[in-house]
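Overview (structure and organization)
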Amino acid sequence: MANANIEELPGVGPATADKLREAGYTNLMTIAVESPKTLADACDIGEATAIKIIDAAKKAADVGGFESGDIIFERRKNLDRLTTSSKAFDELLGHGLESQAIHEFYGEFGSGKTQICFQLAVNATLPKEKGGLDGDVVIIDTENTFRPERIVQMANAHGVDPEEVLKRIHVARAYNSSHQMLLVEKASDVSKIHPVRLMIVDSLTAHFRAEFVGRGTLAERQGLLNKHMHELLAFAEVNNAVIAVTNQVSAKPDAFFGDPTRPVGGHVVGHASTYRVYLRKSKGTRRIARLIDSPDRPEAEVVINVTEEGVRD
Ligand code: GTP
Ligand code: MG
(Lines give C-alpha, C1' and ligand atoms only; values in the text may rest on other atoms or scores of the structure.)
(Ligands and ions follow the chains in the order given, each with its own letter.)
Protein backbone atom coordinates (compact mmCIF):
# COMPACT_ATOMS: atom_id res chain seq x y z
CA MET A 1 0.00 0.00 0.00
CA ALA A 2 2.88 2.35 0.73
CA ASN A 3 3.64 2.02 -2.97
CA ALA A 4 0.21 3.22 -4.09
CA ASN A 5 0.14 6.19 -6.39
CA ILE A 6 0.23 9.59 -4.74
CA GLU A 7 -2.38 10.74 -7.28
CA GLU A 8 -4.83 8.41 -5.58
CA LEU A 9 -4.85 10.61 -2.48
CA PRO A 10 -7.99 12.71 -2.15
CA GLY A 11 -7.23 16.35 -2.97
CA VAL A 12 -4.06 15.58 -4.93
CA GLY A 13 -4.40 16.44 -8.61
CA PRO A 14 -1.71 15.94 -11.25
CA ALA A 15 -0.13 19.37 -10.57
CA THR A 16 0.21 18.77 -6.82
CA ALA A 17 1.43 15.24 -7.47
CA ASP A 18 4.18 16.67 -9.68
CA LYS A 19 5.16 19.16 -6.99
CA LEU A 20 5.27 16.41 -4.40
CA ARG A 21 7.42 14.20 -6.58
CA GLU A 22 9.79 17.02 -7.47
CA ALA A 23 10.30 17.68 -3.78
CA GLY A 24 11.21 14.04 -3.27
CA TYR A 25 7.88 12.73 -1.94
CA THR A 26 7.63 9.78 -4.25
CA ASN A 27 5.46 7.46 -2.20
CA LEU A 28 2.80 7.57 0.48
CA MET A 29 5.07 6.65 3.35
CA THR A 30 7.33 9.67 2.84
CA ILE A 31 4.31 11.95 2.89
CA ALA A 32 2.67 10.21 5.84
CA VAL A 33 5.67 10.81 8.12
CA GLU A 34 6.26 14.45 7.06
CA SER A 35 5.37 17.53 9.09
CA PRO A 36 2.68 19.82 7.59
CA LYS A 37 4.95 22.88 7.61
CA THR A 38 7.80 21.13 5.78
CA LEU A 39 5.47 19.64 3.21
CA ALA A 40 3.74 22.98 2.65
CA ASP A 41 7.05 24.80 2.18
CA ALA A 42 8.55 22.12 -0.06
CA CYS A 43 5.55 21.93 -2.37
CA ASP A 44 4.35 25.52 -2.24
CA ILE A 45 0.89 24.62 -0.96
CA GLY A 46 -1.12 25.86 2.03
CA GLU A 47 -0.55 24.26 5.41
CA ALA A 48 -4.23 23.26 5.66
CA THR A 49 -3.93 21.40 2.37
CA ALA A 50 -0.70 19.79 3.58
CA ILE A 51 -2.47 18.52 6.72
CA LYS A 52 -5.23 16.97 4.61
CA ILE A 53 -2.74 15.30 2.29
CA ILE A 54 -0.69 13.93 5.19
CA ASP A 55 -3.79 12.56 6.93
CA ALA A 56 -4.92 10.83 3.76
CA ALA A 57 -1.43 9.40 3.22
CA LYS A 58 -1.37 8.09 6.81
CA LYS A 59 -4.62 6.25 6.24
CA ALA A 60 -3.60 4.91 2.85
CA ALA A 61 -0.13 3.85 3.97
CA ASP A 62 -1.48 2.35 7.16
CA VAL A 63 1.17 3.86 9.39
CA GLY A 64 1.21 4.92 12.97
CA GLY A 65 -0.44 1.81 14.38
CA PHE A 66 0.96 -0.66 16.87
CA GLU A 67 1.65 -4.28 16.04
CA SER A 68 1.85 -7.05 18.57
CA GLY A 69 5.15 -8.85 19.04
CA ASP A 70 3.83 -12.14 17.68
CA ILE A 71 2.99 -10.52 14.33
CA ILE A 72 6.44 -8.95 14.11
CA PHE A 73 7.93 -12.31 15.07
CA GLU A 74 5.91 -13.98 12.31
CA ARG A 75 7.14 -11.48 9.73
CA ARG A 76 10.72 -11.94 10.87
CA LYS A 77 10.42 -15.69 10.36
CA ASN A 78 10.20 -14.93 6.64
CA LEU A 79 13.59 -13.22 6.71
CA ASP A 80 15.98 -14.60 4.15
CA ARG A 81 19.76 -14.55 4.23
CA LEU A 82 22.15 -13.72 1.41
CA THR A 83 25.69 -15.05 1.45
CA THR A 84 28.76 -12.88 0.77
CA SER A 85 30.75 -15.94 -0.43
CA SER A 86 33.01 -15.53 2.60
CA LYS A 87 32.21 -17.66 5.63
CA ALA A 88 33.88 -15.24 8.01
CA PHE A 89 32.07 -12.26 6.52
CA ASP A 90 28.73 -14.11 6.71
CA GLU A 91 29.34 -14.93 10.37
CA LEU A 92 30.28 -11.34 11.14
CA LEU A 93 26.81 -10.33 9.91
CA GLY A 94 25.10 -13.35 11.47
CA HIS A 95 24.59 -15.76 8.53
CA GLY A 96 24.99 -13.23 5.73
CA LEU A 97 22.87 -10.23 4.82
CA GLU A 98 19.31 -10.11 6.04
CA SER A 99 16.21 -9.31 4.00
CA GLN A 100 14.03 -6.38 5.11
CA ALA A 101 17.16 -4.55 6.23
CA ILE A 102 19.63 -1.97 4.92
CA HIS A 103 23.34 -2.82 4.94
CA GLU A 104 25.77 0.03 4.53
CA PHE A 105 29.34 -0.64 3.38
CA TYR A 106 31.60 2.34 3.85
CA GLY A 107 35.28 2.97 3.44
CA GLU A 108 37.86 4.76 1.35
CA PHE A 109 38.38 4.30 -2.42
CA GLY A 110 39.49 0.83 -3.39
CA SER A 111 38.38 -0.68 -0.09
CA GLY A 112 36.18 -3.16 -1.96
CA LYS A 113 32.69 -1.68 -1.68
CA THR A 114 31.82 -2.08 -5.35
CA GLN A 115 33.38 -5.55 -5.55
CA ILE A 116 31.24 -6.69 -2.62
CA CYS A 117 28.17 -5.34 -4.42
CA PHE A 118 29.04 -7.35 -7.55
CA GLN A 119 29.44 -10.49 -5.47
CA LEU A 120 26.09 -9.92 -3.76
CA ALA A 121 24.42 -9.36 -7.13
CA VAL A 122 25.69 -12.70 -8.43
CA ASN A 123 24.83 -14.48 -5.19
CA ALA A 124 21.27 -13.15 -5.04
CA THR A 125 20.51 -15.05 -8.25
CA LEU A 126 21.72 -18.35 -6.74
CA PRO A 127 19.23 -20.86 -5.35
CA LYS A 128 18.47 -20.61 -1.63
CA GLU A 129 20.33 -23.80 -0.77
CA LYS A 130 23.48 -22.13 -2.11
CA GLY A 131 23.01 -19.07 0.06
CA GLY A 132 21.18 -17.07 -2.60
CA LEU A 133 17.70 -15.61 -2.82
CA ASP A 134 16.73 -17.10 -6.18
CA GLY A 135 15.87 -13.53 -7.15
CA ASP A 136 16.50 -10.64 -9.46
CA VAL A 137 18.69 -7.66 -8.62
CA VAL A 138 18.32 -3.93 -9.11
CA ILE A 139 21.48 -1.84 -9.15
CA ILE A 140 21.34 1.94 -8.94
CA ASP A 141 24.76 2.90 -10.26
CA THR A 142 25.73 6.50 -9.55
CA GLU A 143 29.39 6.37 -10.57
CA ASN A 144 29.24 4.28 -13.72
CA THR A 145 31.23 1.50 -12.12
CA PHE A 146 29.03 -1.46 -13.09
CA ARG A 147 31.20 -3.98 -14.96
CA PRO A 148 29.40 -6.96 -16.51
CA GLU A 149 32.83 -8.52 -17.10
CA ARG A 150 33.32 -8.84 -13.34
CA ILE A 151 29.86 -10.40 -12.99
CA VAL A 152 30.89 -12.96 -15.64
CA GLN A 153 34.09 -13.81 -13.73
CA MET A 154 32.25 -14.19 -10.44
CA ALA A 155 29.43 -16.24 -11.98
CA ASN A 156 31.93 -18.59 -13.62
CA ALA A 157 33.73 -18.99 -10.30
CA HIS A 158 30.43 -20.21 -8.79
CA GLY A 159 29.80 -22.53 -11.73
CA VAL A 160 26.65 -20.77 -12.91
CA ASP A 161 25.80 -19.51 -16.38
CA PRO A 162 26.94 -15.86 -16.62
CA GLU A 163 24.32 -15.08 -19.28
CA GLU A 164 21.53 -16.21 -16.96
CA VAL A 165 22.95 -14.18 -14.09
CA LEU A 166 23.33 -11.02 -16.19
CA LYS A 167 19.73 -11.34 -17.37
CA ARG A 168 18.55 -11.09 -13.78
CA ILE A 169 20.58 -7.98 -12.92
CA HIS A 170 18.79 -4.73 -13.81
CA VAL A 171 21.09 -1.72 -13.85
CA ALA A 172 20.24 1.98 -14.04
CA ARG A 173 22.62 4.90 -14.07
CA ALA A 174 21.55 7.70 -11.72
CA TYR A 175 22.56 11.08 -13.10
CA ASN A 176 21.87 13.14 -9.99
CA SER A 177 20.40 12.76 -6.53
CA SER A 178 16.77 13.32 -7.51
CA HIS A 179 17.11 10.85 -10.37
CA GLN A 180 18.62 8.42 -7.87
CA MET A 181 15.56 8.79 -5.63
CA LEU A 182 13.20 8.40 -8.57
CA LEU A 183 14.90 5.13 -9.50
CA VAL A 184 13.78 3.55 -6.23
CA GLU A 185 10.24 4.15 -7.42
CA LYS A 186 11.13 2.69 -10.83
CA ALA A 187 12.53 -0.35 -9.04
CA SER A 188 9.05 -0.96 -7.66
CA ASP A 189 7.86 -1.23 -11.27
CA VAL A 190 10.60 -3.76 -12.02
CA SER A 191 9.58 -5.73 -8.94
CA LYS A 192 6.07 -6.12 -10.35
CA ILE A 193 7.51 -8.11 -13.26
CA HIS A 194 10.59 -9.75 -11.72
CA PRO A 195 11.11 -11.07 -8.19
CA VAL A 196 13.58 -8.41 -7.06
CA ARG A 197 15.20 -9.62 -3.86
CA LEU A 198 18.29 -7.39 -3.75
CA MET A 199 18.63 -3.67 -4.34
CA ILE A 200 22.07 -2.07 -4.51
CA VAL A 201 22.79 1.67 -4.40
CA ASP A 202 26.44 2.31 -5.26
CA SER A 203 27.11 5.01 -4.14
CA LEU A 204 24.36 6.15 -1.81
CA THR A 205 25.89 9.51 -0.97
CA ALA A 206 28.17 10.63 -3.83
CA HIS A 207 25.56 12.73 -5.68
CA PHE A 208 24.19 14.24 -2.48
CA ARG A 209 27.66 15.16 -1.37
CA ALA A 210 28.55 16.76 -4.71
CA GLU A 211 25.30 18.67 -5.09
CA PHE A 212 24.78 20.01 -1.60
CA VAL A 213 27.93 21.92 -0.83
CA GLY A 214 28.34 24.22 2.12
CA ARG A 215 26.75 24.56 5.49
CA GLY A 216 23.56 26.26 4.35
CA THR A 217 22.50 23.22 2.32
CA LEU A 218 23.12 20.60 4.98
CA ALA A 219 19.58 20.47 6.37
CA GLU A 220 18.11 20.00 2.92
CA ARG A 221 20.63 17.29 2.04
CA GLN A 222 19.98 15.40 5.23
CA GLY A 223 16.21 15.71 4.75
CA LEU A 224 16.39 14.20 1.28
CA LEU A 225 18.80 11.48 2.36
CA ASN A 226 16.42 10.60 5.18
CA LYS A 227 13.57 10.30 2.71
CA HIS A 228 15.72 8.19 0.40
CA MET A 229 16.67 5.79 3.20
CA HIS A 230 13.06 5.34 4.22
CA GLU A 231 12.01 4.61 0.67
CA LEU A 232 14.73 1.99 0.48
CA LEU A 233 13.54 0.41 3.71
CA ALA A 234 9.94 0.43 2.47
CA PHE A 235 11.10 -1.39 -0.68
CA ALA A 236 12.93 -3.93 1.49
CA GLU A 237 9.84 -4.62 3.57
CA VAL A 238 7.36 -4.80 0.71
CA ASN A 239 9.58 -7.15 -1.34
CA ASN A 240 11.27 -9.03 1.51
CA ALA A 241 14.44 -7.77 -0.16
CA VAL A 242 18.01 -7.16 0.95
CA ILE A 243 19.30 -3.59 0.55
CA ALA A 244 23.03 -2.92 0.16
CA VAL A 245 24.35 0.63 -0.12
CA THR A 246 27.87 2.01 -0.28
CA ASN A 247 29.19 5.16 1.28
CA GLN A 248 32.45 7.06 1.25
CA VAL A 249 34.29 8.42 4.23
CA SER A 250 34.87 12.15 4.32
CA ALA A 251 38.44 12.60 3.07
CA LYS A 252 38.63 16.12 4.37
CA PRO A 253 36.89 17.33 7.48
CA ASP A 254 33.48 18.70 6.56
CA ALA A 255 31.46 21.20 8.49
CA PHE A 256 29.68 18.74 10.73
CA PHE A 257 31.48 15.45 10.57
CA GLY A 258 35.11 16.40 11.03
CA ASP A 259 36.52 12.91 11.49
CA PRO A 260 38.12 11.57 8.26
CA THR A 261 37.00 8.03 9.05
CA ARG A 262 33.38 9.02 9.48
CA PRO A 263 30.92 8.00 6.77
CA VAL A 264 29.18 10.71 4.75
CA GLY A 265 25.58 11.47 5.67
CA GLY A 266 26.15 11.27 9.39
CA HIS A 267 23.35 10.28 11.68
CA VAL A 268 20.66 10.15 9.03
CA VAL A 269 22.34 7.35 7.10
CA GLY A 270 23.63 5.71 10.27
CA HIS A 271 20.27 5.46 11.96
CA ALA A 272 18.44 4.17 8.92
CA SER A 273 21.05 1.49 8.19
CA THR A 274 20.40 -1.71 10.08
CA TYR A 275 23.96 -2.95 9.63
CA ARG A 276 27.04 -0.79 9.00
CA VAL A 277 30.29 -2.29 7.83
CA TYR A 278 33.53 -0.31 7.74
CA LEU A 279 36.01 -1.56 5.13
CA ARG A 280 39.74 -0.96 5.23
CA LYS A 281 42.49 -1.86 2.79
CA SER A 282 45.15 -4.26 3.93
CA LYS A 283 47.99 -6.04 2.10
CA GLY A 284 47.30 -7.08 -1.50
CA THR A 285 43.86 -8.59 -1.91
CA ARG A 286 43.11 -8.43 1.80
CA ARG A 287 40.43 -6.18 3.23
CA ILE A 288 39.30 -5.76 6.81
CA ALA A 289 35.56 -5.62 7.42
CA ARG A 290 34.37 -4.26 10.74
CA LEU A 291 30.75 -4.43 11.90
CA ILE A 292 30.08 -1.04 13.46
CA ASP A 293 26.70 -1.07 15.10
CA SER A 294 24.07 -3.68 14.80
CA PRO A 295 20.86 -4.35 16.72
CA ASP A 296 21.87 -7.88 17.65
CA ARG A 297 25.53 -8.57 16.82
CA PRO A 298 28.70 -7.70 18.73
CA GLU A 299 31.15 -5.23 17.20
CA ALA A 300 33.88 -7.32 15.58
CA GLU A 301 36.08 -7.51 12.50
CA VAL A 302 37.17 -10.12 9.98
CA VAL A 303 39.65 -10.36 7.13
CA ILE A 304 38.29 -11.02 3.63
CA ASN A 305 39.99 -11.33 0.25
CA VAL A 306 38.90 -9.65 -2.96
CA THR A 307 40.23 -11.96 -5.65
CA GLU A 308 39.74 -12.64 -9.34
CA GLU A 309 36.90 -15.02 -8.37
CA GLY A 310 35.27 -12.47 -6.09
CA VAL A 311 34.91 -12.11 -2.33
CA ARG A 312 36.46 -15.02 -0.39
CA ASP A 313 37.76 -15.87 3.06
P1 GTP B 1 35.42 3.66 -4.60
O2 GTP B 1 34.18 3.34 -5.34
O3 GTP B 1 36.45 4.30 -5.47
O4 GTP B 1 35.20 4.43 -3.35
O5 GTP B 1 36.12 2.28 -4.16
P6 GTP B 1 35.46 0.86 -3.83
O7 GTP B 1 35.50 0.65 -2.37
O8 GTP B 1 34.18 0.67 -4.53
O9 GTP B 1 36.55 -0.12 -4.46
P10 GTP B 1 36.32 -1.38 -5.40
O11 GTP B 1 35.33 -2.29 -4.84
O12 GTP B 1 36.12 -0.89 -6.79
O13 GTP B 1 37.72 -2.07 -5.24
C14 GTP B 1 38.71 -1.93 -6.20
C15 GTP B 1 39.75 -2.96 -5.88
O16 GTP B 1 39.19 -4.26 -6.09
C17 GTP B 1 40.92 -2.86 -6.79
O18 GTP B 1 41.87 -1.98 -6.26
C19 GTP B 1 41.41 -4.27 -6.80
O20 GTP B 1 42.25 -4.46 -5.69
C21 GTP B 1 40.18 -5.10 -6.59
N22 GTP B 1 39.73 -5.66 -7.88
C23 GTP B 1 38.92 -5.13 -8.77
N24 GTP B 1 38.77 -5.91 -9.85
C25 GTP B 1 39.52 -6.98 -9.60
C26 GTP B 1 39.81 -8.18 -10.35
O27 GTP B 1 39.32 -8.39 -11.44
N28 GTP B 1 40.65 -9.07 -9.77
C29 GTP B 1 41.18 -8.85 -8.54
N30 GTP B 1 42.00 -9.77 -8.02
N31 GTP B 1 40.94 -7.75 -7.83
C32 GTP B 1 40.13 -6.83 -8.35
MG1 MG C 1 33.10 1.80 -5.88
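Since the model is a prediction, treat every value here as computed from it, not as a measurement.

Focus on the overall build of the chain
The helix and strand inventory of the chain stands at 13 helices and eleven strands. The C-alpha atoms of the chain give 20 Å as radius of gyration, which agrees with the globular expectation for 313 residues (20 Å, within 12%). Structurally, the chain occupies a C-alpha span of about 60 × 40 × 40 Å along its principal axes. Going through the 313 residues of the chain one by one, you find that 51% of them count as buried.

Remarks on the pairing of strand E7 (residues 242-247)
Along any regular strand, the residues point their side chains to alternate faces of the sheet. Of all the six residues making up E7, six are buried; the element is thus mostly covered by neighbouring parts of the structure. Side chains of E7 alternate between two faces, with Val 242, Ala 244 and Thr 246 and Ile 243, Val 245 and Asn 247 buried alike. Here strand E3 (residues 101-107) runs beside E7; their pairing, made up of six bridges, is parallel. Residue Ala 101 lies in a different strand from E7, and its bridge partner there is Val 242. Bridge count between strand E6 (residues 196-202) and E7: four bridges; the pairing is parallel. Each bridged residue has a counterpart across the sheet, and for Val 201 the counterpart in E7 is Val 245.

Let's talk about the packing of helix H7 (residues 113-124) against helix H8 (residues 148-157)
Axis separation between H7 and H8 bottoms out at 9 Å; the angle between their running directions is 55°. Put simply, H7 runs oblique to H8. Between H7 and H8 lies a crossing of right-handed hand. Contacts between H7 and H8 involve Gln 115, Phe 118, Gln 119, Ala 121 and Val 122 from the former and Arg 150, Ile 151, Met 154 and Ala 155 from the latter.

As for the environment of Leu 82
Relative to the helices and strands, Leu 82 resides in strand E1 (residues 81-82). Taking C-alpha positions, Leu 82 is 6.5 Å from Ala 124, a pair spaced 42 residues apart along the chain. In this view, Leu 82 contacts Asp 90, Gly 96, Leu 97, Leu 120, Asn 123, Ala 124, Gly 131, Gly 132, Leu 133, Leu 198 and Val 242; residues no more than four positions away in its chain are not counted.

Concerning the domain arrangement of the chain
Along its sequence, the chain is organised into domain 1 (6-60) and domain 2 (74-312). The centre of domain 1, based on its C-alpha atoms, is set 29 Å off from the matching centre of domain 2. Each partner contributes to the interface: domain 1 provides eight residues, whereas domain 2 provides five residues. Around 590 Å² of area is buried between domain 1 and domain 2 when both sides are counted, 55% of it from carbon and sulfur atoms. Of all residues in domain 1, the largest losses of buried area upon contact with domain 2 belong to Gly 24, Thr 26 and Thr 30, amounting jointly to 54% of the total for that side. As a salt-bridge pair, Lys 227 and Glu 34 come within 3.7 Å of each other at their nearest N and O atoms.

A closer look at the site of ligand 1
The immediate surroundings of ligand 1 are formed by 15 residues, with Gly 110, Gly 112, Lys 113, Thr 114 and Gln 115 found nearest. One of the side-chain N or O atoms of Lys 113 is found 2.8 Å from an oxygen atom in ligand 1. Measuring from an oxygen atom of ligand 1, one finds a side-chain N or O atom of Arg 287 at 3.2 Å. Counting only elements with at least two residues in the shell around ligand 1, the list comes to H7, H8 and strand E10 (300-307). A per-element tally of the shell around ligand 1 places H7 first, with three residues. Its residues assigned to classes, the shell around ligand 1 shows two nonpolar, seven polar and six charged.

Concerning the sheet that holds E6
Strand order in the open sheet made by the nine strands is E5-E4-E6-E7-E3-E8-E9-E10-E11, with mixed pairing throughout. Two strands bound the open sheet, and with one partner strand each, they are strand E5 (169-173) and strand E11 (310-312). For this sheet, the mean angle separating the axes of adjacent strands, direction not counted, is 25°. Where strand E8 (residues 275-281) and strand E9 (residues 286-291) come together, five bridges link them in antiparallel fashion. Counterpart to Tyr 278 in the pairing with E9 is Arg 290. Contacts from H7 reach E3, strand E4 (136-141), E5, E6, E7, E8, E10 and E11, with the element oriented near 170° to E6.

Conventions used here
- Residues numbered from 1 in each chain as written.
- Chains lettered and ligands numbered in written order.
- Predicted model: local features only at pLDDT ≥ 70, side-chain atom pairs only at ≥ 80, totals over all residues.
- Heavy atoms only, no water.
- Helix = DSSP H or I, 4+ residues; strand = E, 2+ residues; numbered from the N terminus.
- Rg over C-alpha atoms; globule rule 2.2 N^0.38 Å.
- Buried < 20%, exposed > 50% of the residue type's maximum accessible area, 1.4 Å probe, protein only.
- Pairing = 2+ DSSP bridges.
- Axes fitted to C-alpha atoms, helices over the stretch in contact; angles between N-to-C directions.
- Parallel < 35°, antiparallel > 145°, perpendicular 65-115°, else oblique.
- Left-handed = near helix turned anticlockwise from the far one by under 90°.
- Contact = heavy atoms within 4.5 Å.
- Domains from an automatic or database assignment.
- Buried area = accessible area lost by both parts, 1.4 Å probe.
- Salt bridge = Lys/Arg side-chain N within 4 Å of Asp/Glu carboxyl O.
- Near = heavy atom within 4 Å.
- Polar contact = N/O pair within 3.5 Å; in protein donor to acceptor, adjacent residues only side chain to side chain.
- Nonpolar A, V, L, I, M, F, W, Y, C, P; charged D, E, K, R; others polar.

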